[in-house]
Structures are given as structure tokens and as C-alpha cells.
Amino acid sequence: MKNIVCGILAHVDAGKTTLSEAMLYTTGMRRQLGRVDHKDAFLDTHELERQRGITIFSKLALLKTEHLDITLVDTPGHVDFSAETERTMPILDCAILVINGTDGVQAHTLTLWELLQRYQIPTFVFVNKMDLPGNGKDSLLAQLQSRLSNNIVDFCADFDSIAESAAVCDEAVLEQYLNDGSVTTGNIQGLIAHRKLFPCCFGSALKLDGVAQFLSTLDTYAPITTYPPDFSAKVYKISRDAQGNRLTWLKVTGGSLKVRSALSYRSRDGKDFTEKCVQLRVYSGPQFTQSEEIPAGHCCAVQGLSVTYAGQALGGDSADTTPILEPVMSYQMNLPAGKDPLTVLPKLRQLEEEDPQLHILWDDRLKQIHAQLMGKVQLEILQSLMLQRFELPVTFDTGHISYKETIRTTVEGVGHFEPLRHYAEVHLLMEPGKPGSGISIDTKCAPDILDANFQKLILTHIAEKRHLGVLTGSPITDIKITLVSGRAHLKHTEGGDFRQATYRAIRQGLMQAQSVLLEPWYEFVLTVPAAQIGRAITDIRSMSGEFESPESYGDVSILRGTVPVSEVGDYAADVASYTHGMGILQTRLLGYRSCHNAAHVIETFGYDPEADLENTPDSVFCAHGAGFNVKWNQVPEYMHLSSILEKPAQPQIVTRNLRMDDKELERIMEREFGPVRRRQYTAPVNRPATDKLPIAPPKENLLIVDGYNVLFANEELKTVSKIDLGSARERLIELLDNYASFKHCQIILVFDGYRAKGSSGEKQIQNQLQIVYTKEGQTADAYIESMAVQIGNNYQVRVVTSDSLVQLSSFRSGLLRMSARELWMDIERSEEQIRTLLDDLSQRENRQFHKKEVLQ
């Protein structure tokens, strides 16, 4: 029989564990039907789970159907333990998403659906609790199709109806269906495997209603994975048994794993290990059997591996998996009197490696332990685990938001470390990354400039540490860091020298860049009685939230939007109170965005980046046999390698994209509207040969950019704007700020506020970028036309837009024009020129380096 690994996921209280029990009972794997409320569920084995009635830790159960051996992976449903759910995703062949029939699609359901989509996992849907009063089957199916996917199909129907619905999910299958009226089981299985079709069944797990039919659907249509012959595996969990033995939970994804075989792998900090698999355990619930060999497609817990970690790829598997869910709250841990924090830290590190959503931070300056978690429930579980496993009664403070920092401008960070008999210099290009991208690392340094081993060392040092920002000392994110140059000394360079130089280079770059404070935001759905919608809107506004127009459904109103996590607090309890239990607030983590009250937060933190000696931006140089400190802003005057961001001598690129000749268009404009204010074309003046022509100074380049027109001309920003227009606008500002710095021009970026109710207009200055938000009733073209009158003759002015009305308006004002498409092309050309400069610089430095070596 073939084996599949199938995860079961749900929003909390949807009946996920109950469905697991029903599947085990129906397939004969359990003689008695366990229940969560009776505290005898087969998969809720931990005491804390039985006390709280929720799943906290993922567990395995083995069951058989007619054609399949199924390894069922039960995952937590509570949002505080969503990382435990996410880390099982890479090992799943398919998944079961359980929907609460009384509540329908909930906030965490959407998070789970996005995770399944991100990891491309074929999904079966089971709508549970259909025996309770609530929405009917048809309305629930319509909601699933509307909120999740149009390709969710009712598999409780007859095969002809299923075949017809499946056919419209794929063009090739539809063509076959139209030709001969057939859709095969293989067709349906293929559609499910490629996430083009999602079978949906309805029932009640508690009453075993619909469970047998659902198992039959899973048995018939579950996709089967084929595996390569060479060994590979994916680690998804670390735990310890009752005796304290460390267990590495993995799925074999190629070849097989034999007991007592030697396994070579690399630890998180880059060290190589070879260890024996002392024991291979195959778990089903709390019990396990020992196995001599685990074939591909099966899961096991391995004893004997000491430094593996969740998300690690072993053997020939693909790269490590980086989770996207992360904690947003930070709490200071208070230890019992007399307890040394340094003796407690190793115990906390054990819990940290077992729970990837728990981050333990040690503040050496304040001698404090901080724990970053998702919420209060996870905090309470941590307290219980500390007491049970280590007999440590700990408490926590009220907690605060975990902020992050990023940059808006491209900079070159330089770090130099040269005390006596030491030497290293590192140059890093630091660029703003896409929201949610984290820290991405690359190298553009040629091996003949800096040895590949040293480059690898620098990249390791970039990745090994939580680098802190300069606004509040919070971790940095969404930055691309590229090694562009570096230098070592043949005699004096040691490995630790590059660590110091790398840390200082990152910090020096951050000090130069325009930093941005980020905070976590929720996406919310607020359901209240229609009479209370005004109160709800007022509350969300007071929290600095953003929302769409309210939706009305009879006596109920629904408000959807986003709100900073820091402002929500216990608002869910407030909603229940002022609606007398009729309202409900559902939230899910959306990610990090610009902080809504950054100035206040920065002032509250009172962080001085130059006083943080553990994260210094300064460099150390050597002269007269002794090292001396150089402040970060003076490093460019002392550094030994050239900067890659030195101003290039390049000709000004003049680009036009006109549908008619400029002279012809000018004649039309003069005929229709009168003389042009500042003519672009004038006849040359006949001067005597003896006359001296005046030499005019070169005009400074000025671009006036129609903001929204340019934004929507870019597919990437256009896609982002559908989710968050503010983020797309911020990204455009970042790109144009970098472009202005590289092209040495001034840019006026105009955003149309014509329809912004109550807007009085706003102007901001950011480096060489002036940002204008027009007032209500004022269009961008009207503002640009009025601006033309005020611009002096010292500027070479170009209006960037694809709006024909704005182009005509700018032409009448005597201004040059550039389309939005041409601007994006020029931005791409600029990036290519930067890359070329980097390559040329590497080659030049290589020649200089070898020349010095020869001279020496």
C-alpha cells in the first residue's frame, strides 16, 4: 500500500481533534471514540492539552484505508501556536482543512489557507458541525468559494456533478469533457495535486456523520508523491521524551534511513557534524515502535542527533525552510529570587529549539531575559512548562510590541577592523527589500578581489546575528545586503577580524540610511449589531486603523480593515461588553508595516545607537604601530578601498515618447490656447561674428512625477496597491529617492488628492525628493500646471506621466514630457549601470591589488 502524510488544520474549536478521533475510530484504529471534553482524546496526550482542551503540540497518528497508509499530522488550531502548524507544512503530501459549520470562514482560517497556498499543498475541506443550527450547506459552500477559492467543489454530490464542476477548473480537462463527456478519476486526482480543485465534504465528526464518505474521498483522490532513490529528509520538529532524550522529528523524502547509520549535516551556525541515528521511532499518538529502516514518504523521530533544527534539510533535499509567521509580543521574564539568569538560559534554549515561535533574548547590559511570543496563551503555556520541566516558577511583565526597523535608501556600509596585527575591511551594499522579505544576502565580489573562503565567512557573519537598527535598537528586516568588496592581509587577517568588520559595516550603513520603524498590524473582521456600527467605527479610528465601507446584513453590520497590534489590546472583550455578547472581533497577523506613531515610540525608547558599544558603527584603523578608533561618519576618509557609490560621470539621458512631432504639437497648442509660456523651439539669433556668446551655467534636472499614474504603471506596485495602497506608495517613494540620488536630479512627486475627503494638502521633503499630496478638489494636472508658472529658468523640467491630459497641460507650459513606462525603463537602466559599476570596480580593485602585491 502507498503511504501519504496528511495534515489536519483548523481554526480553534472547529472540531479538528474530534474529526481526527472519528477518522481513527471509523478505520478501526481505535475501539473507543475519544472526546476532547472527556479528556481522553488519543492525540491530546500532554497534560496541558487535556487541561485546556486545545491542541498545543503537533502529533502523529497512523491509520489505514482501503488503498492507503495514512500518517495523520494533528496540528494546533489556536493562533498563538500557528508556528507549530506552519513547520509541519513542508512534510505534508496533502492537508485537511476543517471548517466550523456554525461560523464559516474565520480569521485564522484565512491564515491557514495562505500557508497551504504558499507551500502548495493539495487540500481537502471538511465542513464540520453540520448538525448544529447555523448556515445551510449551500450558503457555506458559496462562502468557501467566495473567501477561499472558486474551485472548492461539493464532493457529497454524485459523480456526474463532480465531473462537471471539475472540468471547468482546467482548460485541458474541459476540452476533453466537451469532446467526449468524460472526466476520469486520474483527471480529478491530477487537478487536486496541482491545487486546481479542492474537494469539500460536509458532516458532523462528533456523530460520525459524513466521516466515512470523507475517508472514501481521501482514499480515492489523495495525490501520491514519488521520491528519488538518494537519501534526503526534512526536519520539522525537535522535542524531548520523558527521559530527556533529544528527538529529531523528520520525514524521509528520498531513499531510506537505517538505524545506526551515520548522518552528516551542518548545524545552524555552520559547523559540520556526523552522528549516528541511535534509534528510529515510529509514533502513533503517545506510543511508538522502533524500526530498523524508514523508507521515503514516512515520518519518524530520530534519537542521537544533537544540533539539528526545525526546517533543516538533510541529504539531498532542497534548502532549509524559513517560516513566515513570527512572534509580535515581547515579555521580560522575572526569575525567582536568587536564581542566576545565566543558569536558566540553557534550559530556555531547549524550549526555544522545540518551539520555533519562542524567541529567547538575553540583554547583557541589563542582565535581563526577554521572551518573544505570539500572545498570552503561549505565555501561560511557557510558564507551565518552566514549572513542570525545570521546577522554575517564573512570571512576566505586561509585555510590549516587538518592533522592527528597515531602510528606505540604498547605502554602502563600510567596516574596517585593524588593531595591531589584525586586518579586515568589508564593503556592503544595503538596499531596501520587499515587505516581508526579511534579510536577503548576496555577493557581487569577485574571488580574485577577496578569497571565496573569506567571502563565505562574511556572509556567515551577516546571517548569524540579529542585527539591530539605529532608531530603537530593534531587529532589522526587509533589507538586501550584498558583499561588494573586501580586503584581507596575507599575514595578519584572522577569522574574527571579518566578524568585527562585517558587524561594523552593517551598523555604519544603517547610520547613513534613512531608517523606518515597523510595527505588526492585524487584519480584522468586526461583526456587531447594526445599532453599534457607529461605535465600532469610532473605536477603529481611535486605534489608527483603516477600514472599508461597512457591510450590512439585516440587523448585523461587518467592518473589515487593518489596525496596529499595539492598539488592539483587550478590545475583543470590549466588543463583547458593549454589544452584550452579540459582537465578535476576529484578527489575524497581516505582517509588519510602518509604525503609526513612530516619533512617540522612538522617543519612548530613548535609544542612542552611538552609545551601544556592542553594536558600534565605528571602525578601527592602525597608524604608527597602534590602533585608533574612527567615527562612522569619518570612515570614508580612512577606508582603504574605493566606494562603489561614488558619483559616476555619465551623460544625461533625454527620453521622449510622443505620438506626434513636438513642433507640430506646439503649433496646435499655439493655435488652440495661445503662445506657449516658455518655448522649447526658437529660431537662432543672427549675431555678428565678433559678438561673444554668453556661456550659461548648466541647468539642474527636475522631474515632476504624477505619482499614482506612475505607480499603477508598474505591475508589482499595482499588485501591492490592491492589498495596501499605502505600502505601494511608500515603495514608490523609496525607489524614486534612490533614483534621484543616482541620477543627481531633483524630483517633485505629486499624489492626487482630488477625491480625498477633507484633505488640506501636504508637502514633505526627503533627501532630493519633494512629496506633494494635493488638497481635496485639486487634481495632479492642475497642480503641475500651476507649478510650471513658478519654476525658474535654472531647471531642465520634465513631467513624468502617461495621462494625456497632464501631458498636454505640461506641453502648454513649455515642459518636456516622459511617459511612466519610460521612467520605469530608465530606473531599470540605472540599476543595470550600478551593477556594471560594481563589476568594473571589482576588476579595477583586482588589478590594483595584484599590482601592489607585485610591488611588494
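Residues numbered from 1 in each chain as written. Predicted model: local features only at pLDDT ≥ 70, side-chain atom pairs only at ≥ 80, totals over all residues. Heavy atoms only, no water.

J.: It is not clear to me how the overall build of the protein chain should be interpreted in this structure. Could you clarify?
T.: Counting its secondary structure elements, the protein chain contains 25 helices and 40 strands. Split into buried and exposed, the 856 residues of the protein chain put 50% on the buried side. Here the contacts in the protein chain between residues at least 6 apart in sequence split such that 71% fall between residues at least 24 apart. (Helix = DSSP H or I, 4+ residues; strand = E, 2+ residues; numbered from the N terminus. Buried < 20%, exposed > 50% of the residue type's maximum accessible area, 1.4 Å probe, protein only. Contact = heavy atoms within 4.5 Å.)

J.: Looking at this structure, how should I read the packing of helix H21 (residues 715-723) against helix H22 (residues 725-743)?
T.: Two measures define how a pair of helices packs: the angle their axes make with one another and the distance between the axes. The contact between H21 and H22 brings their axes to 6 Å, and the two run at 145 degrees. Counted together, Leu717, Val720, Ser721 and Ile723 of H21 and Leu725, Ser727, Ala728, Arg731 and Leu732 of H22 form the full contact between these two elements. (Axes fitted to C-alpha atoms, helices over the stretch in contact; angles between N-to-C directions.)

J.: Help me understand the nonpolar core in this model?
T.: Generally speaking, nonpolar side chains in soluble globular proteins are found buried as a group. Counting 48 residues, the largest nonpolar core has Leu382, Met386, Phe396, Leu526 and Tyr571 as its most contacted members. Discounting chain neighbours no more than four positions away, the residues touching Leu382 are Met333, Leu351, Leu358, Ala371, Leu373 and Phe396. Ala22, Ala167, Val173 and Ile188 belong to the second-largest nonpolar core, a separate cluster that totals 41 residues. (Core = buried A, V, L, I, M, F, W, Y, C linked by side-chain atoms within 4.5 Å.)

J.: Please explain empty space enclosed by the protein as it appears in this structure.
T.: Over the atoms a probe the size of a water molecule is rolled, and this reveals where empty space is left. Throughout the structure, instances matching the rule amount to 2 cavities of 30 Å³ or more. For the second largest cavity, the calculated volume is near 30 Å³. Phe524, Ile540, Met543, Val563, Val568, Tyr571, Leu585 and Thr587 are the residues that line the second largest cavity. Tallied by class, the residues present in the lining of the second largest cavity amount to 7 nonpolar, 1 polar and no charged. (1 Å grid on protein atoms, 1.4 Å probe; cavity = no way out; pocket = protein on both sides within 12 Å on 5 of 7 lines; lining within 4 Å. Points joined across faces, edges and corners; volume = space filled by probe spheres on them. Nonpolar A, V, L, I, M, F, W, Y, C, P; charged D, E, K, R; others polar.)

J.: Is there a simple way to explain unusual backbone geometry in this structure?
T.: For residues besides glycine, phi is generally negative; the peptide bonds are generally trans as well. The backbone phi angle of Asp13 is positive, close to 70 degrees, even though this residue is not glycine. Residues other than glycine seldom take positive phi values, yet Leu208 does so here, at roughly 60 degrees. Among the structural elements, Leu208 can be located in the loop between strand S7 (198-202) and helix H9 (211-221). Residue Leu208 is classed as partly exposed on the basis of its relative accessible area, which comes to 32%.

J.: Even after reading the chapter, I still don't get the sheet that holds strand S14 (residues 287-290), so can you show me in this structure?
T.: Backbone-to-backbone hydrogen bonds join strands into a sheet, with any given pair of strands oriented parallel or antiparallel. Strands sit in the order S14-S13-S16-S9-S8-S17 across an open sheet of 6 strands; the sheet is antiparallel. With one partner strand each, in any of the chains shown, S14 and strand S17 (313-315) form the two edges of the open sheet. The average undirected angle you get between the axes of adjacent strands in this sheet is 40 degrees. Where strand S8 (residues 232-240) and S17 come together, 3 bridges link them in antiparallel fashion. (Pairing = 2+ DSSP bridges.)

J.: Help me understand the packing of helix H12 (residues 452-464) against helix H13 (residues 495-512), please; the structure alone is not making it clear to me.
T.: Look at H12 against H13: their axes get within 9 Å of each other, and the N-to-C directions meet at 55 degrees. By the criterion of interaxial angle, the relationship of H12 to H13 is oblique. Here the hand of the crossing between H12 and H13 comes out right-handed. For the pair H12 and H13, contact is made by Phe454, Leu457, Ile458, His461, Ile462 and Glu464 and by Gly495, Phe498, Arg499, Thr502, Tyr503 and Ile506, respectively. (Parallel < 35°, antiparallel > 145°, perpendicular 65-115°, else oblique. Left-handed = near helix turned anticlockwise from the far one by under 90°.)

J.: I'm lost on the packing of aromatic side chains in this one. Help?
T.: In this description, a pair of aromatic rings is defined by centroid distance and the angle of the planes. Within the structure shown, the criterion is met by 15 aromatic pairs. Each ring, one from Tyr403 and one from Phe605, has its centre 5.9 Å from the other, and the planes form 85 degrees; the classification is edge-to-face. Pair noted here: Tyr403 is in the loop between strand S22 (400-401) and strand S23 (404-407) and Phe605 is in helix H17 (residues 598-605), with a separation of 202 residues, a long-range link. Using a relative accessible area of 37% as the deciding quantity, one classes Phe605 as partly exposed. (Phe/Tyr/Trp six-rings, centres within 6.5 Å; stacked < 30°, edge-to-face > 60°.)

J.: Is there a simple way to explain the pairing of strand S2 (residues 59-64) in this structure?
T.: For a regular strand, the rule is simple: side chains alternate between the two faces of the sheet. Across 6 bridges, S2 lies against strand S3 (residues 68-74) in antiparallel orientation. Looking across to S3, one finds that Ala61 is bridged to Leu72. The antiparallel hairpin formed by S2 and S3 contains 3 residues in its connecting segment.

J.: Mind showing me how you'd approach the side chain of Thr308 here?
T.: Relative to the assigned elements, Thr308 resides in the loop between strand S16 (299-303) and S17. Overall, the relative accessible area of 2% leaves Thr308 in the buried class. Not counting chain neighbours up to four residues away, the residues in contact with Thr308 comprise Ile238, Arg246, Thr248, Tyr265 and Glu353.

J.: How should H22 be read in this particular structure?
T.: Because the α-helix completes a turn every 3.6 residues, residues three or four places apart line up on one side. Here H22 is 19 residues long and its end C-alpha atoms lie 27 Å apart, about the 27 Å a rise of 1.5 Å per residue gives. Once H22 finishes, His744 follows within two positions and takes phi at roughly 55 degrees, a positive value. (Expected span 1.5 Å × (residues − 1).)

J.: Would you take a moment to explain the pattern of salt bridges for this structure?
T.: A pair can form between side chains of opposite charge whenever their charged atoms are brought close. Applying the stated criterion across every chain yields a total of 30 salt bridges. For Glu354, the salt bridge is made with Arg389, and the minimal N-O distance between the two is 2.8 Å. With Glu354 in helix H10 (residues 341-354) and Arg389 in helix H11 (residues 376-390), the pair connects residues that are 35 residues apart, well separated along the chain. We classify Glu354 as buried; its relative accessible area is 13%. When its relative accessible area of 33% is taken as the criterion, Arg389 is described as partly exposed. Linking Glu610 and Lys631 is a salt bridge whose minimum nitrogen-to-oxygen distance equals 3.0 Å. Of this pair, Glu610 sits in the loop between H17 and strand S33 (619-623) while Lys631 sits in the loop between strand S34 (626-630) and helix H18 (635-638); the two residues are 21 residues apart in sequence, bridging distant segments of the chain. Accessibility expressed as a relative area gives 35% for Glu610, which makes it partly exposed. Residue Lys631 is classed as partly exposed on the basis of its relative accessible area, which comes to 32%. Here the residues in one salt-bridge network are Arg240, Arg246, Glu353, Glu354 and Arg389, joined through shared partners. (Salt bridge = Lys/Arg side-chain N within 4 Å of Asp/Glu carboxyl O.)

J.: Please explain the sheet that holds strand S1 (residues 2-10) as it appears in this structure.
T.: Read from one edge to the other, the open sheet built from 7 strands follows the order S2-S3-S1-S4-S5-S7-S6, with strand pairing classed as mixed. Each edge of the open sheet is held by one strand with a lone partner, namely S2 and strand S6 (152-154). Direction aside, neighbouring strands of the sheet carry axes that sit 30 degrees apart on average. Pairing between S6 and S7: 3 bridges, direction parallel. The partner of Val153 across the bridge, within S7, is Pro199. The sheet strands contacting helix H4 (residues 107-118) are S1, strand S4 (94-100), strand S5 (123-128), S6 and S7, and the helix crosses S4 at an angle near 165 degrees.

J.: Is there a simple way to think about helix H1 (residues 16-26) in this case?
T.: Counted residue by residue, H1 has 9 buried out of 11 residues, so it is predominantly covered. Among all positions in H1, only Lys16, Thr17, Thr18, Leu19, Ser20, Glu21, Ala22, Met23 and Leu24 are buried. Where H1 is buried, its residues touch S1, S2, S3, S4, S5 and H9. With its phi angle positive at about 80 degrees, Gly28 sits one or two positions after the end of H1.

J.: I keep staring at the side chain of Thr562 and nothing clicks. Help me out?
T.: With respect to the helices and strands, Thr562 occurs in strand S31 (residues 556-564). At a separation of 3.4 Å, a polar atom in the side chain of Thr562 contacts the side chain of Arg593. (Polar contact = N/O pair within 3.5 Å; in protein donor to acceptor, adjacent residues only side chain to side chain.)

J.: I would appreciate a short explanation of the environment of Asp397 in the present structure.
T.: One can find Asp397 in the loop between strand S21 (395-396) and S22. For Asp397 and Ser330, which are 67 residues apart along the polypeptide, the C-alpha to C-alpha distance reads 9.2 Å. Excluding residues within four positions of it along the chain, Asp397 makes contact with Tyr331, Gln332 and Asn334. Within the local environment of Asp397, its side chain forms a polar contact with the backbone nitrogen of Gln332, the two atoms lying 3.0 Å apart.

J.: Looking at this structure, I do not really get the confidence of the model for the protein chain. What am I missing?
T.: Atom-level detail of predicted coordinates should not be read off regions where pLDDT is low. Residues at a pLDDT of 70 or more form 85% of the protein chain, whose mean pLDDT is 84. Residue range residues 648-662 is modelled with pLDDT below 50. Its contacts to residues more than four positions away, or to other chains, number 32 contacts. Low pLDDT (under 50) marks residues 676-696, which in the prediction has 29 contacts with non-local residues, meaning those over four places away or in another chain. (pLDDT = per-residue confidence, 0-100.)

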